[in-house]
Amino acid sequence: MEQFIKKKIIQVKKGDQSAFSDVVAFYQDKIYQHCYRMLGNRHEAEDMAQEAFIRAFVNIDSFDENRKFSTWLYRIATNLTIDRMRKRKPDYHLDAEIKGTEGLDMYSQLASTERLPGEEVESRDLQRYIHHEISQLPSKYRSIIMLRYLEEFSLKEISEILDVPLGTVKTRIHRGREALRKRLRHV
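The structure displayed is predicted, hence computed values, not measured ones.

(A) Inspection of the overall build of the chain at higher detail. Within the chain one finds 8 helices and 0 strands. In the chain, the succession of α and β elements from N to C terminus is α-α-α-α-α-α-α-α. Taking all 187 residues of the chain together, 35% fall into the buried category. Sequence-distant contacts in the chain: of pairs separated by 6 or more residues, those separated by 24 or more amount to 60%. Accessible surface, the chain as shown: approximately 11,400 Å² in total, 49% of it carbon and sulfur.

(B) Region of interest: the side chain of threonine 78. Tracing the chain through its elements places threonine 78 in helix α4 (residues 69-87). Residues in contact with threonine 78, not counting those within four places in the same chain, are His34, Ser143, Leu147, Ile161 and Leu162.

(C) Broad picture of helix α7 (residues 155-162). In terms of burial, α7 is largely enclosed, as 6 of its 8 residues are buried. The complete set of buried residues in α7 reads Glu157, Ile158, Ser159, Glu160, Ile161 and Leu162. Residues of α7 that are buried sit in contact with α4, α6 (139-150) and α8 (166-183). Aspartate 163, located one to two residues past α7, shows a positive phi value of around 55°.

(D) Summary view of the pattern of salt bridges. Using the criterion set out here, one finds 13 salt bridges in the structure. For glutamate 151, the salt bridge is made with arginine 37, and the minimal N-O distance between the two is 3.0 Å. Of this pair, glutamate 151 sits in the loop between α6 and α7 while arginine 37 sits in helix α2 (residues 18-39); the two residues are 114 residues apart in sequence, bridging distant segments of the chain. Across the pair glutamate 133 and arginine 183 runs a salt bridge whose closest N-O atoms are separated by 2.6 Å. With glutamate 133 in helix α5 (residues 117-135) and arginine 183 in helix α8, the pair connects residues that are 50 residues apart, well separated along the chain. Residue class for glutamate 133 comes out buried when judged on its relative accessible area of 8%.

(E) Structural view of the nonpolar core. Residues Tyr27, Ile31, Phe69 and Ile158 are the most contacted members of the largest nonpolar core, which totals 45 residues. Contact partners of tyrosine 27, with chain neighbours within four places excluded, come to Glu2, Ile5, Phe53, Phe69, Ser70 and Leu73.

(F) Inspection of the packing of α6 against α7 at higher detail. For the pair α6 and α7, the least separation of the axes is 10 Å and the interaxial angle reads 140°. One way to sum up the angle between α6 and α7 is to call them oblique. As α6 runs across α7, the sense of the crossing is right-handed. Residue-level contacts link Ser143, Ile144, Leu147 and Arg148 of α6 to Leu155, Ile158, Ile161 and Leu162 of α7. Residue composition of the contact of α6 with α7, by class: 6 nonpolar, 1 polar and 1 charged.

(G) Structural context of the environment of alanine 77. Relative to the elements of secondary structure, alanine 77 occurs in helix α4. We classify alanine 77 as buried; its relative accessible area is 0%. Residues alanine 77 and histidine 34 lie 43 residues apart in sequence; the distance between their C-alpha atoms is 8.0 Å. Ignoring sequence-local partners within four residues, the contact set of alanine 77 consists of Ile31, His34, Cys35 and Ala52.

(H) Geometry of the packing of aromatic side chains. Counted under the stated rule, the structure contains 8 aromatic pairs. A ring pair is formed by phenylalanine 63 and tryptophan 72, whose centres lie 5.2 Å apart and whose planes are at 45°; its orientation type is tilted. Residue tryptophan 72 is classed as buried on the basis of its relative accessible area, which comes to 17%.

About the cut-offs
- Residues numbered from 1 in each chain as written.
- Predicted model: local features only at pLDDT ≥ 70, side-chain atom pairs only at ≥ 80, totals over all residues.
- Heavy atoms only, no water.
- Helix = DSSP H or I, 4+ residues; strand = E, 2+ residues; numbered from the N terminus.
- Buried < 20%, exposed > 50% of the residue type's maximum accessible area, 1.4 Å probe, protein only.
- Contact = heavy atoms within 4.5 Å.
- Areas by Shrake-Rupley, 256 points an atom, 1.4 Å probe, with all protein chains shown as cover.
- Salt bridge = Lys/Arg side-chain N within 4 Å of Asp/Glu carboxyl O.
- Core = buried A, V, L, I, M, F, W, Y, C linked by side-chain atoms within 4.5 Å.
- Axes fitted to C-alpha atoms, helices over the stretch in contact; angles between N-to-C directions.
- Parallel < 35°, antiparallel > 145°, perpendicular 65-115°, else oblique.
- Left-handed = near helix turned anticlockwise from the far one by under 90°.
- Nonpolar A, V, L, I, M, F, W, Y, C, P; charged D, E, K, R; others polar.
- Phe/Tyr/Trp six-rings, centres within 6.5 Å; stacked < 30°, edge-to-face > 60°.

In short, the description is geometric, and any link to function would need to be established separately.
Below is the structure:
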């Protein structure tokens, strides 16, 4: 699949704008999910995913074809979401009640798997709690934890996405896991 993407990127660089729609179609769900996990808000995630693709298209000439396109695209999306988190109001949380509803919060918008009702409730509570605790981590640890364990990127790919040395990635993963472990110690 990476060869297909490389071929499309070369076509885009040669001026074939329609080739970029194939690239968007391939990555749009992945980038949206990544942004959603980082931001916890469907609308903001849609905006950031769209902005990531726009920036990738506008700056396609600066993309080094010897590297993986997905790494470059995830770096753009990650940087945009981190910037958005810095700019948004600090009092917005996933566990805040949605206006006009009784007892519904943004966690209720997360997709669930088909299980027995009791298991589903336990799983949702645990998932809600873990996501809440991840969201409380500093952004440099939050982004590393999400890229490594939710998006399943390699350490090298994370290093390229965040544009930090591999040693820094390892340190932040370790410190992020330790911080999360301390927050989850009583679970």
